[in-house]
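Fold and contact review
If you want the building blocks of each chain, they are given just below.
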Amino acid sequence: MIPFLDLKSINLRQREQFHLALDAVLDSGWLILGQQTEAFEAEFAKYCNVKHCVGVANGLDALSLVLKAWDIGPGDEVIVPSNTYIATWLAVSQVGARPVPVEPDLKTYNINPEMINAAITPQTRAIIPVHLYGQSANMEAIMKIASDCNLKVLEDAAQAHGALFNGAKVGSLGDAAGFSFYPGKNLGALGDAGAITTNDAELADKIRALRNYGSRIKYQHEIQGYNCRLDELQSAFLREKLPLLESDNARRAEIAKKYILQLRDFPHLVLPVVEGWSKHVWHLFVVRSPKRDMLQRRLLELGVGTMIHYPIPPHMQGAYSDIKNDFGLMPKSELIHKEILSLPIGPTMSDEEVDKVISAVRQAVSELG
Ligand SMILES: *Cc1c(COP(=O)(O)O)cnc(C)c1O
């Protein structure tokens, strides 16, 4: 059986380093907001080519803290993709603002910039483009709209560590970005973790306070903050993992290239499209088939684990049932959610496993016609 994602094999590559990192944290006697987090923040800022990185507890907190720091709240609207993981929307709802969904481009599954203008109202404050599945959204078009309409841009980079748009790192393209280091992401901790990147010193400073009870000086609280800090141990683990990110992304790209080359002769199997301006980091390799459920079942019988990212779009979730009718129809997003299937693409997959996935998909698609 080829699992959809083999997190155990990914992390066991560095068993020794993780033990040493744990020892270093134990020996330091310091567990929260210390040298490890400071060092990781500096290293990740350098990696993303930005001036500031602030570690937080998870990706959702990263997004909502930025919105909070911008004083976005009740009465405000924030444009989000209709096709995303629900966390993007929840970040907006958590600060009391309203998520306003915009449909994706069917080729890349990312937000379609041409449809953003129609969603902008006098209440709109920000746009959150998601670099979905590991490919950057069209940031040039989005930044243009934002500057014309005086909106902030918050990149949701939770799936795209290391991806490029026209040669520039995601996380450095908007006014700020939120990253997740959830274990399954391209850069994953050994638990929950996240970060914000930005070139705005004032914003970084405010988020440093917000993540720590609104405090800049111990026991002095100028603003009502939260407790969503990145801890020393996860920072130490992430510092061990960051140096592997580029080679892991390269391995993912190698597997993606093989999949695309060897699965492209089936008219009913839609393969991912990589834009000319994009360096894709293949967090997920997502295909589309009108017979998705049968394909997934058959692949399981043939020994290949797959997943659906995601089976139900946010606007059809119970969590948004109260405002669902305000959104209008989201036919593109609904079609995507019915047809998509993610194939295994972990960086520790062997060539044999990749070949086995390819022959299983070829067999299953041929049988289904
Ligand atoms: C994973 C993810 C998040 C949330 O990250 P957590 O660390 O799980 O809170 C946000 N947005 C997208 C697109 C994600 O994939």
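Preceding block: the structure.
Rules used throughout
Residues numbered from 1 in each chain as written. Predicted model: local features only at pLDDT ≥ 70, side-chain atom pairs only at ≥ 80, totals over all residues. Heavy atoms only, no water. Pairing = 2+ DSSP bridges. Helix = DSSP H or I, 4+ residues; strand = E, 2+ residues; numbered from the N terminus. Near = heavy atom within 4 Å. Polar contact = N/O pair within 3.5 Å; in protein donor to acceptor, adjacent residues only side chain to side chain. Areas by Shrake-Rupley, 256 points an atom, 1.4 Å probe, with all protein chains shown as cover. Axes fitted to C-alpha atoms, helices over the stretch in contact; angles between N-to-C directions. Contact = heavy atoms within 4.5 Å. Phe/Tyr/Trp six-rings, centres within 6.5 Å; stacked < 30°, edge-to-face > 60°. Buried < 20%, exposed > 50% of the residue type's maximum accessible area, 1.4 Å probe, protein only. Lys NZ or Arg CZ within 6 Å of the ring centre and 35° of its normal. Salt bridge = Lys/Arg side-chain N within 4 Å of Asp/Glu carboxyl O. Core = buried A, V, L, I, M, F, W, Y, C linked by side-chain atoms within 4.5 Å.

What follows covers the sheet that holds strand 12 (residues 278-279). Strand order in the open sheet formed by three strands is 7-6-12, with antiparallel pairing between adjacent strands. Each edge of the sheet is formed by a strand with only one pairing partner; in this case those strands are strand 7 (168-169) and strand 12. By the bridge criterion, two bridges tie strand 6 (residues 164-165) to strand 12 in an arrangement that is antiparallel. Among the inter-strand pairings, Leu164 is bridged to a residue of strand 12, identified as Lys279.

The subject of this paragraph is the site of the ligand. The immediate surroundings of the ligand are formed by 14 residues, with Gly59, Asp156, Gln159, Ser180 and Lys185 found nearest. The side chain of Gln159 places a nitrogen or oxygen atom 2.8 Å from an oxygen atom of the ligand. In this structure, Lys185 approaches the ligand through a side-chain N or O atom, which is 2.7 Å from an oxygen atom. In isolation the ligand has 380 Å² of accessible area, and contact with the protein removes 91% of it. Secondary structure elements with two or more residues in the shell around the ligand: helix 4 (59-69) and helix 5 (87-94).

So, on to the sheet that holds strand 3 (residues 98-102). A sheet is described by the order of its strands in space; here seven strands give the open sequence 1-9-8-5-4-2-3, paired in mixed fashion. Looking at the sheet topology across the chains shown, the edges are occupied by strand 1 (52-56) and strand 3. Within the sheet, the average angular offset between the axes of one strand and its neighbour, ignoring direction, is 25°. Pairing of strand 8 (residues 176-180) with strand 9 (residues 194-198) involves four bridges; the strand directions are antiparallel. Bridging across to strand 9, Gly178 finds its partner in Ile196. Docked against the sheet, helix 4 engages strand 1, strand 5 (152-156), strand 8 and strand 9, running at close to 160° with respect to strand 8. Against the sheet, helix 6 (residues 139-149) touches strand 4 (124-127) and strand 5, its axis set at about 150° to strand 5.

Next up on the list: the packing of aromatic side chains. Per the stated rule, a full pass over the model turns up 12 aromatic pairs. Summarising the aromatic geometry, the rings of Trp282 and Phe285 are spaced 5.4 Å apart at their centres and angled 25° between planes, so their arrangement reads as stacked. Considered together, Trp282 and Phe285 belong to a single accessibility category, that of buried residues. Members of the aromatic cluster, connected to one another through ring pairs, are Phe40, Phe44, Tyr47, Phe179 and Phe181. One residue, Lys169, lies across the ring of Tyr47, its end atom 4.0 Å from the ring centre.

Scanning all chains against the criterion turns up 19 salt bridges. Here Glu254 and Arg251 are joined by a salt bridge, their closest N and O atoms 2.6 Å apart. Note that Glu254 and Arg251 are positioned in helix 9 (residues 245-262) at a spacing of three residues, about one turn of the helix. Its relative accessible area of 15% is what places Arg251 among the buried residues. Ionic contacts of the salt-bridge type, sharing partners, join the residues Glu41, Arg208 and Arg211 into one network.

We now examine helix 4. With nine of 11 residues buried, helix 4 is to be regarded as a mostly interior element. Along helix 4, the residues that are buried comprise Gly59, Asp61, Ala62, Leu63, Ser64, Leu65, Val66, Leu67 and Ala69. Along its buried surface, helix 4 packs onto strand 1, helix 5, strand 5, strand 8, strand 9 and helix 7 (201-210). The opening residue of helix 4, the one whose side-chain oxygen lies 3.1 Å from the backbone nitrogen of Leu60, is Asn58. The positive-phi residue at the C-terminal boundary of helix 4 is Asp71, with phi of around 60°.

If you look at the biggest cluster of nonpolar residues, it comprises 39 residues, and the most contacted ones within it are Phe44 and Phe181. Of all the elements in the fold, those that place two or more residues in this core are helix 3 (35-48), strand 3, helix 6 and strand 8. Among the elements that take part in this core, helix 3 stands out by supplying five residues, more than any other. Residues contacting Phe44, with those up to four places away along its chain left out, are Cys53, His161, Phe179, Phe181, Leu187, Thr197 and Leu242. In terms of nonpolar packing, the next biggest core, distinct from the first, is built from 35 residues, Ile255, Val287, Leu299 and Ile336 among them.

That is the geometry; function is a separate question.
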